[in-house]
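Structural description and commentary
Take a look at the letters that make up each chain.
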Amino acid sequence: METAFLISAFATLFVVIDPIGLTPIFIALTQGTPTAARRAIAIRATVIAFALLTLFTFFGEAVLGFIGITMPAFRIAGGILLFITALDMLFERRTKRREDQAEGDHPPDPSVFPLAIPLISGPGAIATMILLAGETDGALGMAAILAVMSTVLLLALGMFLSAGIIERALGPIGITVTTRLLGMLLAALSVQFVLDGLSGVGIGGP
């Protein structure tokens with residue numbers, strides 16, 4: 001696989017999952033939790049998210065085919081969805097919505113909800129994995145995509161485990177600036193998904 005594609009896949013997943021933006025929410029959800037329990041929650045949430053995203057990577061396109069949705073159509077829809085996410089990040093609506101989800105009723109262990117679902121493996125991450133899987137061929141390509149996803153999730157896990165240090169280092173302003181920069185990057189990547197989808201149906205490309 002081309003290195004440029006893998007870099008683009010990593011950038012897209014990193015921006016969509018947004019480990020940096022999730023870190024303060026993780027801290028809020030696990031506030032007052034003993035260190036060992038907080039570590040267990042972080043690991044459990046990451047493993048559950050990995051399982052869900054892997055499931056959609058392998059079977060998402062088959063489900064789309066079963067209900068008659070083509071990959072170009074899904075690329076366009078996924079690109080629009082990611083663009084809306086980018087706008088939310090740029091105008092801080094995404095952070096507010098995530099905080100509302102975190103503050104809602106949930107069990108004492110937040111590893112499944114709201115951490116794994118919908119904060120880590122949300123609609124944007126699921127759509128991205130299906131899109132990336134649709135652009136790969138063969139077992140090697142799928143393995144590469146899963147490796148990229150695993151890398152992003154491991155980075156998220158690392159940030160969860162060192163959440164306190166990261167929060168103090170970046171501060172509220174640093175997290176806001178980083179989130180907006182990532183939002184700009186995601187907006188550009190989402191437009192590229194739409195262009196690829198249009199090209200797939202013979203519009204604006206070969």
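This text gives an overview of the structure that appears in the document. These numbers come from a predicted model, not from an experiment.

Scoring rules and cut-offs
- Residues numbered from 1 in each chain as written.
- Predicted model: local features only at pLDDT ≥ 70, side-chain atom pairs only at ≥ 80, totals over all residues.
- Heavy atoms only, no water.
- Helix = DSSP H or I, 4+ residues; strand = E, 2+ residues; numbered from the N terminus.
- Buried < 20%, exposed > 50% of the residue type's maximum accessible area, 1.4 Å probe, protein only.
- Contact = heavy atoms within 4.5 Å.
- Axes fitted to C-alpha atoms, helices over the stretch in contact; angles between N-to-C directions.
- Parallel < 35°, antiparallel > 145°, perpendicular 65-115°, else oblique.
- Left-handed = near helix turned anticlockwise from the far one by under 90°.
- Nonpolar A, V, L, I, M, F, W, Y, C, P; charged D, E, K, R; others polar.
- Salt bridge = Lys/Arg side-chain N within 4 Å of Asp/Glu carboxyl O.

A few words on the overall build of the protein chain. The secondary structure content of the protein chain amounts to nine helices and zero strands. Sequence-ordered secondary structure for the protein chain, helices as α and strands as β, is α-α-α-α-α-α-α-α-α. For the protein chain, the residues scored as buried account for 44% of the 206 residues in total. Pairs at least 24 apart in sequence give 85% of the contacts found in the protein chain among residues at least 6 apart.

Turning our attention to the packing of helix α3 (residues 35–66) against helix α7 (residues 123–134). Direction vectors running N to C along α3 and α7 enclose 65°, while the axes themselves pass 8 Å from each other. Classified by the angle between their axes, α3 and α7 sit roughly perpendicular to one another. In this structure, α3 meets α7 at a crossing whose hand is right-handed. Here α3 contributes L53, F56, T57, G60, E61 and L64 to the contact with α7, which in turn contributes A125, I126, M129, I130, A133 and G134. Considered class by class, the residues forming the contact of α3 with α7 number eight nonpolar, three polar and one charged.

A word on the pattern of salt bridges. Enumeration over the complete set of coordinates arrives at one salt bridge. Across the pair R44 and D109 runs a salt bridge whose closest N-O atoms are separated by 2.8 Å. Pair noted here: R44 is in helix α3 and D109 is in the loop between α5 (93–103) and α6 (111–120), with a separation of 65 residues, a long-range link.

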